[in-house]
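For reference, the chains in residue letters:
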Amino acid sequence: MTMLTILTAGPYTSIQDKGRTGYQALGVPEGGAVDPDARITANWLVSQPPETAGFEIFMGGFSFETDTALAIALSGSLSDQLTITPAFGNARTEPAGQTIWLQPGDQVLVSPLRGSNLAFLSLSANFDLPPVFGSVGTSPNARIGGLDGGMLRAGDRLPLRAITPAPKQRQLQAECARLFEPRTIFRLVLGPQDFCFESDQIEKLTRSDWKLTTRMDRMGLRLSGPSLTHKINADILSDGIVKGAVQIPGDGQPIILMADHQTTGGYTKIASVISTDLPALTRLAAHRSIRFTIVSQAEAEQLARQKAALLSKVLPMEYY
Amino acid sequence: MRQPVWFACGDTGLLLDFSGYGPGLGQVAIPATDRANLTRKARQLGQMMREKADSGAFRGLTDIVPGLCSVLFHYNPVIITSAELKQIVSLHLEQLYLSRQTPARLWRLPVCYDEKFAPDLKDVVSKVNLTSDEVIALHTSKILEVAIMGFLPGLGYLTGVDDALHLPRRSVPRTFVPQGSVGLAMDQTVIYPLNSPGGWNLIGRMPIPLFDQKRENPILFSAGDQVSFYAVNADKYEELAASCVDGNLPICPEQADGAAL
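A look at the overall build of chain B
Looking only at helices and strands, one finds 6 helices and 14 strands in chain B. Taken over the C-alpha trace, chain B has a radius of gyration of 20 Å; the compact-globule value for 261 residues is 18 Å, and the two agree within 12%. With the C-alpha coordinates of chain B rotated into their principal frame, the extents come out at 55 × 45 × 40 Å. Buried residues in chain B amount to 45% of all 261 residues. When contacts within chain B are restricted to residue pairs at least 6 apart in sequence, those whose partners lie at least 24 apart make up 62%.

Right, here's the structure in full:
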């Protein structure tokens, strides 16, 4: 059986795909790659359907060896490079954002990332792992997906199937690469519980600088800044949660909920980061500052459709 | 009765709140029985819309998540707008008040309340001013309802706990709560489907996994199910736990008494 062997896992690398759709009513998180733009483009580079599983790599420091010939591609952090070391001969470097061919015995290293906090590495093969609720993506808190429901570790051996040895040579076009330009202003739609705050608190949300803290994972990302005060308190009757929701717990410091968020929760959510902007937020490292601006739900939907149209033009395949 | 109110959740979610006060303010304003009824209404609308979406009546609805007195519709903004979705759901709201609730399932579940599984039972006993036998009797006396699901795959928040057993969460949450632990806090009780951190008062353990990937239906509960507990000793607990290997499920639900709905 063909295998990839993990040599160094890095701080927070996992197998991710499109995630699980339709099971949140059972408490099963949606999961999936926190940066769908990176997943979709990396898969396109290796001629794979957009939902295909690959490696989600936070901060880099990830390496593996392949015992079979296949193609790979890195997206999400386009200024970074990969180092390929063959079993015999000299190492070479290859850029992100294009198809790269590997030979049996090649070792691939993603060094600590400089361009982004996050990258996605796709393969011209599928992991031969059992899907749980239709996905092999890893949700570590729910302990589902991946090898054993956890993040990858050095020594893990991942069986492969359906290897396409010679996909097309592809490179991300400039129009598409612009999706990955760093963003520091993020658009919000107010609600569902913005009415739990006085208007001066909403102004505080949009007029302050917010710093990303080191407390970030696949469930959420904690910001630090001025404390936001509730009219009464932070507790609500538990309701459903979307990715990107800006939750304000009792300490007044926002938490932006990510792919592995709890499906329901009992804290106020003042607003949500729009789906167009959320992937860019996941690429920012701790200590970076961001700001928020408010758009309407209809404007946010229009932006989502514009992005979908752009992607379908530059990556001509069904990707949703 | 107040009209349900829509709230935006970014460009991928629409929340319909049945409390009429806005989620968050209803908690203090709504009596428990009204809350339970509104939660059922919201859940029922969710089921109705799920059936419509599954039948192919419209596209773009990606998930439906019942909450307390609310239901969240997840949608794909590339396929459907929130305005369109609101219109479709609103059409079904009228039918909702005419339709009957589907009969619920009732799970009778064994719990071992032995000391080794119940690290907080002594503490609960002193806080609620009852003996441990009385706490166990009350915990097993009521038919509970899975009000909503959340926190972990398969975890249901069970409401309908006897008033005498209402107490706050532990002031310091545990970093490790074993799978199957039965927790008590506020006016609810839960069973942990997985090993997890948690802040509930642990008063027993339930041997049948709420979430087992080896089963054809890995998750036992759905929102709206009814649950009642019966006490078992440690030997029976071990026997039942052992019978759950390889995805075996040693119990099946009964049809709940419609009168409770």
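Next comes the rest of the account.
A few points about the nonpolar core
Counting 161 residues, the largest nonpolar core has Ile72(A), Ala119(A), Leu121(A), Leu188(A), Ile256(A), Phe73(B) and Ile203(B) as the members making the most contacts within it. Among all residues touching Ile72(A), those that are not within four sequence positions of it are Val46(A), Ile100(A), Leu102(A), Val108(A), Leu121(A), Ser122(A) and Leu123(A).

Remarks on the domain arrangement of chain B
Residues and elements named next belong to chain B. Each domain of chain B was delimited in the assignment, giving domain 1 (5-98) and domain 2 (105-260). For domain 1 and domain 2, the distance between their C-alpha centres works out to 28 Å. Here the side of domain 1 that touches domain 2 gets 3 residues from one element, more than from any other, and that element is helix H2 (residues 32-54). For the side of domain 1 that touches domain 2, the class distribution of residues is 3 nonpolar, 2 polar and 1 charged.

Considerations on the environment of Leu249(B)
In this fold, Leu249(B) is placed in the loop between helix H6 (234-242) and strand E14 (254-255). Between the alpha carbons of Leu249(B) and Leu220(B) there is a distance of 9.5 Å; along the sequence they are 29 residues apart.

Side note on the environment of Glu239(B)
Residues and elements named next belong to chain B. Note on placement: glutamate 239 falls in helix H6. According to the C-beta neighbour criterion, glutamate 239 is partly exposed, with 14 such atoms within 10 Å. Sequence separation between glutamate 239 and arginine 215 is 24 residues, and the spatial gap between their C-alpha atoms is 19 Å.

Observations regarding the sheet that holds strand E3 (residues 61-67) of chain B
Residue and element names in this part refer to chain B. A sheet is described by the order of its strands in space; here 4 strands give the open sequence E1-E2-E4-E3, paired in antiparallel fashion. If you trace the sheet from one side to the other, it starts and ends with strand E1 (5-9) and E3, each paired once. Recorded for the sheet is a direction-independent mean angle of 20° between the axes of neighbouring strands. Pairing analysis gives 6 bridges linking E3 to strand E4 (residues 70-75), with the strands arranged antiparallel. Residue pairing across strands places leucine 61 opposite tyrosine 75, the latter belonging to E4. Helix H3 (residues 82-98) rests against E1, strand E2 (13-17), E3 and E4 of the sheet, and its axis sits at about 35° to E2.

Points about the interface of chain B and chain A
Facing the 43 residues of chain B at the interface are 43 residues of chain A. Elements with a contribution of two residues or more to the side of chain B that touches chain A: E1, E2, helix H1 (26-29), E3, E4 and strand E6 (144-149) of chain B. Take the side of chain B that touches chain A: its biggest share by element is 6 residues, from E3(B). Class assignment for the residues of the side of chain B that touches chain A results in 22 nonpolar, 19 polar and 2 charged.

Re helix H5 (residues 132-139) of chain B
Residues and elements named next belong to chain B. When H5 is considered as a whole, its buried residues turn out to be Val135, Ile136 and His139. Here the buried residues of H5 occupy an arc of 95° about the axis, which is enough to place them on one side. In this structure, the buried residues of H5 make contact with helix H4 (121-128), strand E12 (201-205) and strand E13 (226-231).

Remarks on the confidence of the model for chain B
In the predicted model, chain B carries a mean pLDDT of 92, and the fraction of residues at 70 or more is 93%. With pTM at 0.94, the complex prediction returns an ipTM value of 0.96.

Section: helix H5 (residues 297-314) of chain A
Here H5(A) spans 26 Å end to end across 18 residues, near enough to the 26 Å set by a 1.5 Å rise per residue. Every buried residue belonging to H5(A) is among Gln297(A), Ala300(A), Glu301(A), Ala304(A) and Leu311(A), and all of these are buried. Axial view of H5(A): buried residues confined to an arc of 100°, hence all on one face. Exposed residues pointing more than 90 degrees away from the buried face of H5(A) are listed as Gln306(A), Ala309(A) and Lys313(A). Contacts from the buried residues of H5(A) go to helix H1 (36-45) and strand E13 (185-190) of chain A together with E1 and H3 of chain B.

Section: the packing of H2(B) against H3(B)
Between two packed helices, the angle of one axis relative to the other and the distance separating the axes together describe the packing. Residues and elements named next belong to chain B. For the pair H2 and H3, the least separation of the axes is 10 Å and the interaxial angle reads 120°. As far as their axial angle goes, H3 and H2 are oblique. For the pair H2 and H3, the sense of crossing is right-handed. In this structure, H2 uses Lys41, Gln44, Leu45, Met48, Met49 and Lys52 to contact H3, whose residues at the interface are Val89, His92, Leu93 and Leu96. Here the contact of H2 with H3 is composed, by residue class, of 6 nonpolar, 2 polar and 2 charged.

Some remarks on the pairing of E3(B)
For E3(B), a buried count of 6 out of 7 residues is recorded, marking the element as mostly surrounded by other parts of the structure. Here E3(B) folds back onto E4(B), and the loop between the two strands holds 2 residues, one of which, Cys69(B), carries a positive phi near 60°.

Concerning the domain arrangement of chain A
Residue and element names in this part refer to chain A. Here chain A is partitioned into domain 1 (3-179) and domain 2 (185-314). Taken together, the contact between domain 1 and domain 2 spans 23 residues of the former and 16 residues of the latter. For the side of domain 1 that touches domain 2, the elements supplying multiple residues, two or more each, are H1 and helix H2 (174-177). Residues of the side of domain 1 that touches domain 2, tallied by class, amount to 8 nonpolar, 11 polar and 4 charged.

Notes on the sheet that holds strand E8 (residues 100-102) of chain A
Residues and elements named next belong to chain A. The strand order across the open sheet built from 5 strands is E2-E3-E10-E5-E8, with neighbouring strands paired in antiparallel fashion. Where the open sheet ends on each side, the last strands, each with one partner, are strand E2 (12-16) and E8. Pairwise comparison of adjacent strand axes, ignoring direction, gives a mean angle of 25° for this sheet. Both E2 and strand E3 (residues 54-58) contribute to a ladder of 5 bridges, which runs antiparallel. Across the sheet, residue glutamine 16 finds its bridge partner in E3, namely glycine 54. Packed onto the sheet, H1 meets E2, E3, strand E5 (70-75) and strand E10 (118-123) and runs at close to 30° relative to E10.

A look at the environment of Lys41(B)
Residue and element names in this part refer to chain B. Tracing the backbone shows lysine 41 in helix H2. Residue classification places lysine 41 among the partly exposed residues on the basis of 19 C-beta atoms within 10 Å. With 25 residues separating them in the primary sequence, lysine 41 and proline 66 have C-alpha atoms 9.8 Å apart. The contact partners of lysine 41, leaving out residues within four places of it in the chain, are Phe18 and Leu96.

Parameters at a glance
All residue numbers here refer to positions counted from 1 along the written sequence of the relevant chain. Note on labels: chains are lettered from A, ligands numbered from 1, in written order. A pLDDT threshold of at least 70 governs which residues receive local features in this predicted model, and a stricter bar of 80 or more applies before side-chain atom pairs are shown or counted, although totals over entire chains, interfaces and linings include all residues. Each helix corresponds to a stretch of at least 4 residues labelled H or I by DSSP, and each strand to a stretch of at least 2 residues labelled E; elements are numbered beginning at the N terminus. The atom set for the radius of gyration is the C-alpha atoms, and the globule formula is 2.2 Å times the number of residues raised to the power 0.38. Once C-beta atoms are placed from the backbone, each residue is buried if 20 or more other C-beta atoms lie within 10 Å of its own, exposed if 12 or fewer, and partly exposed for counts between those two. Placing a C-beta atom from the backbone of each residue, one calls two residues in contact when those atoms lie within 7 Å. By our criterion, buried Ala, Val, Leu, Ile, Met, Phe, Trp, Tyr and Cys residues that link up through C-beta atoms within 7 Å make up a nonpolar core. Note that domain bounds follow an automatic or database assignment of domains. Here the nonpolar group is Ala, Val, Leu, Ile, Met, Phe, Trp, Tyr, Cys and Pro; Asp, Glu, Lys and Arg are the charged ones; every other residue, Gly included, is treated as polar. Only strands that DSSP links by at least two bridges are regarded as paired with each other. As a rule, the C-alpha atoms of each element are fitted with a line to give its axis, helices using only the stretch in contact, and angles between N-to-C directions run from 0 to 180 degrees. In this context, the arc is that of the directions from the helix axis out to the C-beta atoms. In predicted models, pLDDT denotes the confidence assigned by the predictor to each residue on a 0 to 100 scale. Given the number of residues in a helix, its expected span is that number minus one, multiplied by 1.5 Å. Angle categories: roughly parallel below 35 degrees, roughly antiparallel above 145, roughly perpendicular from 65 to 115, and oblique for all the rest. Take the far helix as the reference: if the near one is turned anticlockwise from it by less than a right angle, the crossing is left-handed, and if turned clockwise, right-handed.

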